[in-house]
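# A closer look at the structure
One letter stands for each residue in the lines below.
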Amino acid sequence: MQSLLEYLIVLTVLHICPLHAAIGSTPVISLVEDTRYGFKVSCVSRGWYPKPDLQWTDGRGAVLTAESETREEQDGEGLYTVRSYLRTPEPEGGQISCVIKYGEDQGELRSSAKIIGQSIPSLPGVQVSNILLSAASISLLLLIGISLGIWRRCVWRRYKIRPVRLV
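Residues numbered from 1 in each chain as written. Predicted model: local features only at pLDDT ≥ 70, side-chain atom pairs only at ≥ 80, totals over all residues. Heavy atoms only, no water.

## Some details on the sheet that holds strand E5 (residues 80–88)
Backbone hydrogen bonds are what pair the strands of a sheet, in a parallel or an antiparallel way. Note the threshold: Being paired, for any two strands, means DSSP has found at least two bridges between them. Per the convention used, a helix needs a DSSP run of H or I reaching at least four residues, while a strand needs a run of E reaching at least two, with both numbered from the N terminus. An axis is simply a line fitted to the C-alpha atoms; with a helix, the fit covers only the stretch in contact. Between two such axes, the angle follows the N-to-C directions and lies from 0 to 180 degrees.
Pairing within the open sheet is antiparallel, and its 4 strands lie in the order E1-E2-E5-E4. The open sheet has two free edges, formed respectively by strand E1 (28–35) and strand E4 (68–74), since each of these has just one partner strand. Across the sheet, the mean angle separating the axes of adjacent strands is 15° when strand polarity is ignored. When strand E2 (residues 38–48) meets E5, the two strands line up antiparallel, connected through 9 bridges. What sits directly across from Val41, in E5, is Leu86.

## As for the sheet that holds strand E7 (residues 107–114)
One open sheet accounts for 3 strands, arranged E3-E6-E7; its pairing is antiparallel. Edge strands, defined here as strands with exactly one partner in the open sheet, are strand E3 (53–58) and E7. This sheet shows a mean twist of 20° between the axes of neighbouring strands, independent of strand direction. Strand direction decides the pairing type here: E3 and strand E6 (residues 95–102), joined by 6 bridges, are antiparallel. Considered in E6, the bridge of Asp53 is made with Lys101.

## Some points on the pairing of E5
Selection rule: For every residue, the accessible area obtained with a 1.4 Å probe (protein chains only) is divided by the maximum for its type, and the residue is called buried under 20%, exposed over 50%, and partly exposed between those limits.
With 7 of 9 residues buried, E5 is to be regarded as a mostly interior element. Here E4 runs beside E5; their pairing, made up of 7 bridges, is antiparallel. Within E5, the residue paired with Glu69 across the bridge is Tyr85. What sits between E4 and E5 in their antiparallel hairpin is a turn of 5 residues, with Gly78 showing a positive phi close to 90°.

## Concerning the confidence of the model for the chain
Cut-off, in case you're wondering: pLDDT expresses how confident the predictor is about each individual residue, on a scale running from 0 to 100. Any pair of residues with heavy atoms lying within 4.5 Å of one another is described as a contacting pair.
Confidence in the prediction of the chain, expressed as mean pLDDT, is 77, and 71% of residues score 70 or more. Within the chain, the lowest mean pLDDT, 40, falls on helix H1 (residues 2–16), and the highest, 93, falls on E4. Here residues 4–18 is modelled with pLDDT under 50, and outside its nearest four sequence neighbours on either side it reaches 0 contacts, counting other chains as well. Scored below 50 in pLDDT, residues 119–126 shows 13 contacts in the model against residues more than four places distant or in partner chains.

## Digging into the nonpolar core
Note the cut-off: Buried Ala, Val, Leu, Ile, Met, Phe, Trp, Tyr and Cys residues form a nonpolar core when they are joined through side-chain atoms within 4.5 Å.
Counting residues in each nonpolar core, the largest one holds 14 residues, and the members touching the most others are Val41, Leu54, Trp56 and Ile96. Of all the secondary-structure elements, those providing two or more residues to this core are E2, E3, E5 and E6. The greatest single-element share of this core, amounting to 4 residues, is contributed by E2.

## Concerning the side chain of Thr88
Relative to the elements of secondary structure, Thr88 occurs in strand E5. Classification of Thr88 as buried rests on a relative accessible area of 9%. Those residues in contact with Thr88 that sit more than four places away from it in its chain are Gly38 and Phe39.

## So, unusual backbone geometry
A cis amide bond links Tyr49 with the next residue in sequence, Pro50, at an omega value of -5°. Mapped onto the elements of the fold, Pro50 is located in the loop between E2 and E3. Phi is positive for Gln106, close to 55°, though the residue is something other than glycine.

And the structure:
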């Protein structure tokens, strides 16, 4: 009976005591959007208590947080998920870092990503997939046309078909 009472007391203490600190996950950087005007990247880190600070920096260490939008969400266990979006032209040196600063001693977790140019240039109001589909269709039609021309020429030579002249 005593062990059951001890178990209930431990459960109650665990439930009532506030969470003092939890170090979350390493931040994950993802490319959300790539346009000819710049990039939109996201950074997500989960499992924090208390709420950490998030900063974006470029390759030189300059803070880019002014161009970002950051949200914190708290789950049912009281832990925070920090999510931030950064819209930027190509960063200095092509590198960006997401830095999570936490605790009184300002420990930090950092993830970095290298962005090299634009992968596919975009045109305003035009879907890149439509352009690629049109280019592929035109290339296929040209290939068929050239193949038919070559085949026709080979057949004419093989059977020596010559046009008949009417005099």
